[in-house]
Amino acid sequence: MKRDSILVVDFGTSNVHVNVVDVRDGQILYSRSRKYRMISPEDGYTEINPRELWHASEQCVKEVISDMEAVELHGITFSYFGDNLMLVDSNGEPLTNIILAFDVRGAREAAEDFPRRFTDEEFIRITGSTCVPFCTGPKILWFKKYRKDLFEKAAHFYTNQQWVNQCLGLEPLNDYTMACRKMLYDSKNREWSKPILSFLGIRAGQLGEVVPSTDMIGHIDRYGEVILPFTLPVIIGSHDCDCGMYGVRAGLTDEGVVGDITGTYDHLGFIARGYVNAGEEMLEEQIFSYCGPLEDTSVCLGAFPTSGAVLEWFMREIIGDCSQQSYDRMWDRAMFDGRGTLLFDPNFSGNQGGLHGLGLTKTREELFEAMIESLTFEARRILEGCRKIKKEDVSKVCVGGGAARSGKWMQLRADVWGCRVERMENIEVSSLGAAVLAAVKTGLYPGIREASVHMLRTRDVYEPVPAVRERYEEKYREYLAFVQSRTGADLECDVLGKAVSGKAVL
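Residues numbered from 1 in each chain as written. Predicted model: local features only at pLDDT ≥ 70, side-chain atom pairs only at ≥ 80, totals over all residues. Heavy atoms only, no water.

By the naming in an unreviewed UniProt entry, the protein chain is Glycerol kinase, taken from [Clostridium] citroniae WAL-19142. According to the UniProt record, the Sequence similarities (unreviewed entry) comment for the protein chain is "Belongs to the FGGY kinase family." (UniProt positions renumbered as here; feature names shortened; annotations may be inferred.)

Q: How would you summarise the pattern of salt bridges if you had to cite specific residues and measurements?
A: By the definition in use, this model includes 34 salt bridges. The shortest N-O distance in the salt bridge between Arg 105 and Glu 47 comes to 2.7 Å. Taken as a pair, Arg 105 in the loop between strand 7 (98-99) and helix 2 (107-117) and Glu 47 in strand 4 (residues 47-48) lie far apart in primary sequence, 58 residues in all. Of the charged contacts, one joins Lys 362 and Glu 366 as a salt bridge, the two residues approaching to 3.8 Å between their closest N and O atoms. (Salt bridge = Lys/Arg side-chain N within 4 Å of Asp/Glu carboxyl O. Helix = DSSP H or I, 4+ residues; strand = E, 2+ residues; numbered from the N terminus.)

Q: Explain the side chain of Ser 289 to me, and be specific about the residues and the numbers.
A: By secondary structure assignment, the location of Ser 289 is in strand 18 (residues 288-291). A relative accessible area of 1% places Ser 289 in the buried class. Of note is the side chain of Ser 289, whose polar atom sits 2.8 Å from the backbone nitrogen of Ala 278. Not counting the four nearest positions on each side in its chain, Ser 289 is found in contact with Thr 127, Gly 128, Val 276, Asn 277, Ala 278, Val 299 and Cys 300. (Buried < 20%, exposed > 50% of the residue type's maximum accessible area, 1.4 Å probe, protein only. Polar contact = N/O pair within 3.5 Å; in protein donor to acceptor, adjacent residues only side chain to side chain. Contact = heavy atoms within 4.5 Å.)

Q: Any chance you could break down the environment of Arg 333 for me, citing the residues and the numbers?
A: One can find Arg 333 in helix 12 (residues 324-333). The exposure class of Arg 333 is partly exposed, given its relative accessible area of 45%.

Q: Before we move on, could you go through the confidence of the model for the protein chain and cite the residues and values that matter?
A: The predicted model of the protein chain has a mean per-residue pLDDT of 91, with 95% of residues at 70 or higher. Predicted confidence is poor over residues 489-506, with pLDDT under 50, and the contacts of this stretch with residues over four places away or in other chains come to 66 contacts. (pLDDT = per-residue confidence, 0-100.)

Q: Run through unusual backbone geometry, naming residues and quoting values.
A: You will see that Asp 83, though not glycine, has its phi angle at about 55°, which is positive. The residue Asp 83 is located in the loop between strand 5 (71-80) and strand 6 (86-88) in this model.

Q: Give me the UniProt feature "domain: Carbohydrate kinase FGGY N-terminal" (unreviewed entry) in the protein chain: which residues, what numbers.
A: In this numbering, the UniProt entry assigns the feature "domain: Carbohydrate kinase FGGY N-terminal" (unreviewed entry) to residues 6-245. The span residues 6-245 is 34% helical and 29% strand by assignment, and the distance between its end C-alpha atoms comes to 18 Å.

Q: Can you break down the environment of Asp 296 residue by residue, with the values?
A: With respect to the helices, strands and loops of the structure, Asp 296 is situated in the loop between strand 18 and strand 19 (297-304). A sequence separation of 20 residues divides Asp 296 from Val 276, and the C-alpha atoms of the two residues are 9.7 Å apart. Other than its neighbours up to four places away in sequence, Asp 296 contacts Arg 190, Ala 272, Arg 273 and Gly 274.

Q: Describe the nonpolar core, naming the residues involved and giving the relevant values.
A: Among the nonpolar cores identified, the biggest contains 125 residues, and Phe 157, Phe 368, Met 371, Ile 372, Trp 409, Trp 417 and Met 455 are the most heavily contacted of them. The residues that make up this core include at least three from each of domain 1 (3-236) and domain 2 (253-498). With residues up to four places along the chain from it excluded, the contact list for Met 371 reads Val 310, Leu 311, Phe 314 and Phe 344. Core analysis: the second largest hydrophobic core is formed by 44 residues, Cys 60, Val 71, Leu 173 and Val 211 among them. (Core = buried A, V, L, I, M, F, W, Y, C linked by side-chain atoms within 4.5 Å. Domains from an automatic or database assignment.)

Q: An account of the domain arrangement of the protein chain is requested, with residue identities and associated values reported.
A: Under the domain assignment, the protein chain is made up of domain 1 (3-236) and domain 2 (253-498). For domain 1 versus domain 2, the separation of C-alpha centres amounts to 25 Å. When the two sides are added together, the surface that domain 1 and domain 2 hide from each other amounts to roughly 3,500 Å², 65% of it contributed by carbon and sulfur. The largest contributions to the domain 1 side of the interface with domain 2 come from Val 23, Phe 102 and Thr 214, which together make up 15% of the buried area. For the interface between domain 1 and domain 2, the tally reads one salt bridge. In this structure, Arg 125 engages Glu 280 in a salt bridge whose closest nitrogen and oxygen atoms are separated by 3.3 Å. Counting the contacts that link domain 1 with domain 2 gives ten residue pairs in polar contact (both at pLDDT 80 or more). A total of five residues in the side of domain 1 that touches domain 2 trace back to one element, the largest contributor, which is helix 3 (residues 120-127). (Buried area = accessible area lost by both parts, 1.4 Å probe.)

Q: Account for the pairing of strand 13 (residues 216-223), with residues named and values stated.
A: As defined by bridge partners, strand 13 adjoins strand 14 (residues 226-235) across six bridges and the pair is classed as antiparallel. Paired with Tyr 223 across the strands is Val 226, a residue of strand 14. In textbook terms, the turn of a hairpin is the stretch between consecutive antiparallel strands, and for strand 13 and strand 14 this stretch comprises two residues, one of which, Gly 224, has a positive phi near 65°. (Pairing = 2+ DSSP bridges.)

Q: Explain the packing of helix 13 (residues 364-390) against helix 17 (residues 466-487) to me, and be specific about the residues and the numbers.
A: Running from N to C, helix 13 and helix 17 cross one another at 90°; their axes reach a closest spacing of 11 Å. Classified by the interaxial angle, the pair formed by helix 13 and helix 17 is roughly perpendicular. Mapping the contact onto sequence places Glu 373, Ser 374, Phe 377, Glu 378, Arg 380, Arg 381 and Glu 384 in helix 13 and Arg 469, Tyr 472, Glu 473, Lys 475, Tyr 476, Tyr 479, Leu 480 and Val 483 in helix 17. Of the residues contributing to the contact of helix 13 with helix 17, the split by class is six nonpolar, one polar and eight charged. (Axes fitted to C-alpha atoms, helices over the stretch in contact; angles between N-to-C directions. Parallel < 35°, antiparallel > 145°, perpendicular 65-115°, else oblique. Nonpolar A, V, L, I, M, F, W, Y, C, P; charged D, E, K, R; others polar.)

Dropping the structure here:
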């Protein structure tokens, strides 16, 4: 008997995963992954060659298709890293590489040019978030100012999503979530913002048409050079974090669930019903929102931007070994009981990080424990903002992504956050969430709830240990005082160096 499945192509910032997801139980039946290079042609520039990104996915699809046995594919869908830009000419040929969020181009424009035209409140009212350098608008403005030759040749300003759609022979469409990640989209009125486009001197047609994330945008019988065994409907897909919210049960709008999608960023949030502008409601909480994957939904999200990067830095620079075996040794030796006296400030953007309580007897293991505790404290700050925006009890936090591999970190989350924490059985939650949405669109399930019952499964449950919880409550207050004393005020710097109250913007 053939297994009903969805083919998911999940583009990350360093590699692509192609997964065949079984719609009966959400398990990944076949999977392939391939890296692509992050290019830095000048200091501070970060790019990916769009053809290399496409060919990496093409090769993975080829390998997965050749591996498959007794599988009935019902559709293909996608998950994308967000906040990226490539300039394309009138023939659809790239004028630039894919420019990533962390690229410094646009930093001055975000700090100087945009604030002269839009206040934070005005920009939030339109887009749901503040204007920072990783937004598309400041980068477009940079090209207009410093590479006018390319700006004038640009017929379109694509994302990776639009490029992949074009490579498939389809219209270069945006879904709601990737359009919103351009930070040029009016989330309330669901259209490209006329004031922002006028300021940049570009047209809506250069950004492309926008459709719901579950739109079926065509059918394909080949993926580039790869002949497919079926003619497949193409569901456009969405931003990886927003797919992930459906992969951790935070897409069921009437349940008290917050999702935690871990990785380079630590994203906590949920899908809300209707239009929500969380930044406009509670700017001080630094929880922002934009159009959700489904019509009449909003994504409410906060992020600590260097979570995974801080852990990688620690293993590389302090331990001197980034192998999986080295990670495993550190986790085996770690003990999280709230008794440690070290405090670690993980706000590394803008060289803001720091330590308190170092002494001659301190060990690498204690440094590791303090670092992991600090990342969990920062996630708690985001969670508290989510609770206020959600306006209902948060019964549990469901976790996916790389950090979910550690049971000790899951227990620490429960002890620091004071709530039930569930680790998903399939932690590839962006692929899983994309498959859930596609399974509904292709008629395999009548709705999200029914698909979630079958496809989303909990592997482990963690409850706070009262005594440990009490110690961490006190240490959390000490941590807040430590971080605030270092900045001189209740301010932090986000990943792009813009001072904000509370948490880093998306």
